[in-house]
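Structural description and commentary
The lines below spell out each chain.
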Amino acid sequence: MEIQITGRNVALDDELRAHVERRLNFALGRFERRIQHIDVRLTDLNGPRRGVDQNCRIAVHLRPRGDIVVQDRGADPLLAVAAATARAGTAVRRRLERRRDARVRGPGAA
């Protein structure tokens, strides 16, 4: 599972990168063979003014096709990452369950 992490107005140190990868592996690890790659963008929306302005956007690119994009905000990047990865895990699970159910029902089944 290839993970690309970028930041805008956020200091991407090794600790934050490791946290993002750990949370993604926890939330999405069981779907690893169905995921082509993941793009994570961390953004500080307000700059130094504080507040709940740390945004985490996660785009999961599935095999053979399909993208899932989720985002969440938090008071610091760690909270935003935790919330967004949980959402990503739920969204990927739902999408893959729908695909499986559609295959089981077969074409033209109502």
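Refer to the structure printed above.
Below you will find a few notes about this structure.

About the cut-offs
- Residue numbers here run from 1 along each chain, matching the order of that chain's written sequence.
- Given that the model is predicted, a residue must reach a pLDDT of at least 70 before its local features are reported, and side-chain atom pairs must reach 80 or more before they are shown or counted; all residues, however, enter totals for whole chains, interfaces and linings.
- To get the side-chain values, all heavy atoms of the structure are used, and hydrogens and water are removed first.
- Strands here mean DSSP runs of E at least two residues long; helices mean DSSP runs of H or I at least four residues long; both are numbered from the N terminus.
- Burial classification: accessible surface area is computed with a 1.4 Å probe over protein chains only, and a residue below 20% of its type maximum counts as buried, one above 50% as exposed, and the rest as partly exposed.
- Among buried residues, the Ala, Val, Leu, Ile, Met, Phe, Trp, Tyr and Cys ones that are joined through side-chain atoms within 4.5 Å form a nonpolar core.
- The rule for pairing is simple: two strands pair if DSSP sees at least two bridges between them.
- Every crossover in which the path from the first strand over the helix to the second runs clockwise, viewed with the strands pointing away from the viewer, is termed right-handed.

1. Describing the overall build of the chain
- Per the secondary structure count, the chain includes two helices and four strands.
- Across the chain, helices and strands are ordered from the amino to the carboxyl terminus as β-α-β-β-β-α.
- If one aligns the C-alpha atoms of the chain with their principal axes, the spans along those axes are about 55 × 25 × 20 Å.
- A total of 110 residues make up the chain; the buried ones form 34% of that total.

2. Some thoughts on unusual backbone geometry
- In this structure, P64 follows R63 across a cis peptide bond, with omega equal to -5 degrees.
- Positive phi is not limited to glycine here, since N9 has a value of about 60 degrees.
- Looking at the secondary structure, you find N9 in the loop between β1 (2-8) and α1 (14-28).

3. Brief notes about the nonpolar core
- By size, the foremost hydrophobic cluster in this structure holds 24 residues, and its most contacted members are L28, V40, I58 and V60.
- Sorting the residues of this core by element identifies α1, β2 (35-44), β3 (54-62), β4 (67-74) and α2 (77-105) as the ones contributing at least two each.
- Broken down by element, this core gets its largest block of residues, six residues, from α2.

4. Examining the pairing of β1
- Looking at chain direction, β1 and β2 are connected through seven bridges and run parallel. When the sheet's bridge partners are listed, T6 is paired in β2 with R41.
- Where the polypeptide runs from β1 across α1 and back to β2, its parallel neighbour, the crossover connection is left-handed.

Purely geometric stuff here, so don't read any function into it on its own.
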